[in-house]
Amino acid sequence: MNKCIEYLLITAIVVYIVDLSGFTQSWKQAISAKFGGKCRIGKPFDCSLCMTWWVCNIIAIISGEWSLSLCAYIAGLSFMADIIGQSLNIIKELVKMALRHLYNITQL
């Protein structure tokens, strides 16, 4: 698979985990409950832009693919992380709307 598409997919996965799944809030609440008080762990762990930047660059370095052009592409992906998250939500809402429409058509 083209490495640009792979890094786009990695970005979508990171955005899903950090912003959309609720995982970040869950582990922060668990840490807060265990140690008392409010959990103050911040960037990069609760920021999809930061996590995309670091995860993609670490993967590029480990796989030996890192280059200046790939770094610039990763920077663009991390900059667009919130838009990718919004796009995932739009896709979800479109599928729900299509299913509601299909349900209404098939009602007897």
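Residues numbered from 1 in each chain as written. Predicted model: local features only at pLDDT ≥ 70, side-chain atom pairs only at ≥ 80, totals over all residues. Heavy atoms only, no water.

1. Quick look at the side chain of Thr11
Stated formally: Here a strand is any run of E in DSSP of at least two residues, a helix any run of H or I of at least four, and the numbering for each starts at the N terminus. Contact definition: two residues touch when any of their heavy atoms are within 4.5 Å.
Along the chain, Thr11 falls in helix α1 (residues 3–20). Setting aside its immediate chain neighbours within four residues, Thr11 contacts Thr52, Cys56, Leu77 and Ile84.

2. Quick look at helix α3 (residues 48–62)
This is how the line gets drawn: In a helix, the anticipated span is given by 1.5 Å times the number of residues less one. A 1.4 Å probe rolled over the protein chains alone gives each residue an accessible area, and that area as a share of the maximum for its type sets the label: buried under 20%, exposed over 50%, partly exposed in between.
For α3, built from 15 residues, the straight-helix expectation of 21 Å at 1.5 Å per residue is met to within 8% by its first-to-last C-alpha distance of 21 Å. Listed as buried for α3 are Ser48, Cys50, Met51, Thr52, Cys56, Asn57 and Ala60. Packed against the buried residues of α3 are α1, α4 (68–79) and α5 (81–106). Positive backbone phi, approximately 75 degrees, marks Gly64, located one or two places after α3.

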